[in-house]
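# Residue-level structure breakdown
Here's the letter readout for the chains.
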Amino acid sequence: MLRPETTRRESTEERVTRFASDAGIPLLRIGLGVVYLWFGVLKLFPGGSPAQDLVERTVSALTFGIIHGDLARLSSAITEIGIALVLLSFRAPRLCAVLLIGHVVLVSTPLVLFPGEMWAGPLQASFEAQYILKNLVTVAAAVVIASSHPRVR
């Protein structure tokens, strides 16, 4: 005899699915927030980030030399720490998504600005280019975070 749906025990698959639905976006925000905070804090200290030289040259190129050196490094650090705080605040998911996508666009510019350093040949990305290209995952995360906010109709 079949039991009514209301008395049936929840299957493991259903529990895992419910957990993923409830915890997925918060875990995504925490994970990205920790990474952005970590990388931002490293940039607060000269020589603290392995990306320091690339960051400084990219910011300098994008600002036509107006912002360079320590100021470029510090502006990148403050930006990343700010993004981390928005992520970890669990507020403003759409703003969070815009900040993440904007940041990914900016940090992707070395692929175009310094092609000789980024590409050894067609589809042969340098280590730095691979580090940049992994940010495509951040774009996907930004879309998921933006979708977590209920629409106002």
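The rules we used
- Residues numbered from 1 in each chain as written.
- Predicted model: local features only at pLDDT ≥ 70, side-chain atom pairs only at ≥ 80, totals over all residues.
- Heavy atoms only, no water.
- Axes fitted to C-alpha atoms, helices over the stretch in contact; angles between N-to-C directions.
- Helix = DSSP H or I, 4+ residues; strand = E, 2+ residues; numbered from the N terminus.
- Parallel < 35°, antiparallel > 145°, perpendicular 65-115°, else oblique.
- Left-handed = near helix turned anticlockwise from the far one by under 90°.
- Contact = heavy atoms within 4.5 Å.
- Nonpolar A, V, L, I, M, F, W, Y, C, P; charged D, E, K, R; others polar.
- Phe/Tyr/Trp six-rings, centres within 6.5 Å; stacked < 30°, edge-to-face > 60°.
- Lys NZ or Arg CZ within 6 Å of the ring centre and 35° of its normal.
- UniProt positions renumbered as here; feature names shortened; annotations may be inferred.
- Core = buried A, V, L, I, M, F, W, Y, C linked by side-chain atoms within 4.5 Å.
- Buried < 20%, exposed > 50% of the residue type's maximum accessible area, 1.4 Å probe, protein only.
- 1 Å grid on protein atoms, 1.4 Å probe; cavity = no way out; pocket = protein on both sides within 12 Å on 5 of 7 lines; lining within 4 Å.
- Points joined across faces, edges and corners; volume = space filled by probe spheres on them.
- Polar contact = N/O pair within 3.5 Å; in protein donor to acceptor, adjacent residues only side chain to side chain.
- Expected span 1.5 Å × (residues − 1).
- Bend = angle between axes of the 7 residues up to and from the residue.
- Patch = residues over 30% accessible without salt bridge, like charges linked within 9 Å, V, L, I, M, F, W, Y side chains within 5 Å.
- Areas by Shrake-Rupley, 256 points an atom, 1.4 Å probe, with all protein chains shown as cover.
- Salt bridge = Lys/Arg side-chain N within 4 Å of Asp/Glu carboxyl O.

### Re the packing of helix α1 (residues 12–43) against helix α8 (residues 136–147)
- It is the contact of α1 with α8, at a shortest axis distance of 10 Å, that shows an interaxial angle of 135°. With respect to α8, the axis of α1 lies oblique. Both α1 and α8 take part in a crossing whose hand is left-handed. Residue-level inspection shows I25, L28, R29, L32 and Y36 of α1 in contact with α8, the latter providing T138, A141, V144 and I145.
- Within the contact of α1 with α8, the residues separate by chemical class into seven nonpolar, one polar and one charged.

### Quick notes on the packing of aromatic side chains
- A full pass over the atoms with the stated rule returns one aromatic pair.
- Residue placement shows R57 over the ring face of F114; its charged tip is 4.6 Å from the ring centre.

### Focus: the UniProt feature "transmembrane region" (unreviewed entry) in the protein chain
- Taken from the UniProt record, the annotation "transmembrane region" (unreviewed entry) applies to residues 20–39, 59–88, 95–114 and 129–147.
- As annotated, residues 59–88 comprises 80% helix and 0% strand, and the C-alpha atoms at either end are separated by 26 Å.
- Each end of residues 95–114 is marked by a C-alpha atom, and these two atoms are 30 Å apart; helix forms 90% of the span and strand 0%.

### Things to note about the nonpolar core
- Among the nonpolar cores identified, the biggest contains 13 residues, and L32, Y36, I83, L87, C96, L100 and I145 are the most heavily contacted of them.
- When contributions to this core are tallied by element, the ones reaching two or more residues are α1, α3 (69–89), α4 (93–108) and α8.
- Judged by nonpolar contacts, the second largest core, of six residues, contains L54, L111, F114 and A129.

### Brief notes about the layout of surface pockets
- Within this model, the largest pocket holds a volume of roughly 770 Å³.
- If you go around the largest pocket, you meet 32 residues; those closest to its centre are K43, V55, S76, E80 and V107.
- The biggest single contributor to the lining of the largest pocket is helix α2 (residues 52–62), with seven residues.
- Of the residues assigned to the lining of the largest pocket, the class counts are 17 nonpolar, eight polar and seven charged.

### Structural notes on the side chain of Q52
- Structurally, Q52 is set in helix α2.
- Only 2.5 Å separates the side chain of Q52 from the backbone nitrogen of G47, close enough to count as a polar contact.
- When sequence neighbours within four positions are dropped, the list of residues in contact with Q52 reads F45, P46, G47 and R73.

### Regarding α1
- Over its 32 residues, α1 runs 43 Å from end to end, which matches the ideal 46 Å to within 8%, given 1.5 Å per residue.
- The principal kink in α1, of about 45°, is found at A23, preceding the proline P26 by one to four residues.
- For α1, the complete set of buried residues consists of A23, R29, L32, G33, Y36, G40 and K43.
- Residues of α1 that are buried sit in contact with α2, α3, α4 and α8.

### Observations concerning a nonpolar patch on the surface
- There is a patch of nonpolar side chains on the surface, built from F19, L27, I30, V34, L37, W38, V41, L44, F45, I78, L88 and F90 and spanning about 1100 Å² of accessible area.
- Counting through the fold element by element, F45 comes out in the loop between α1 and α2.

### Some remarks on the environment of V98
- Assignment of secondary structure puts V98 in helix α4.
- Along the chain, V98 and V139 lie 41 residues apart, while their C-alpha atoms are 9.5 Å from each other.

### A short note on unusual backbone geometry
- Backbone geometry places F64, a non-glycine residue, at a positive phi of 55°.
- Take F64: it is sitting in the loop between α2 and α3.
- Unusually for a residue other than glycine, F90 sits at a positive phi of about 60°.

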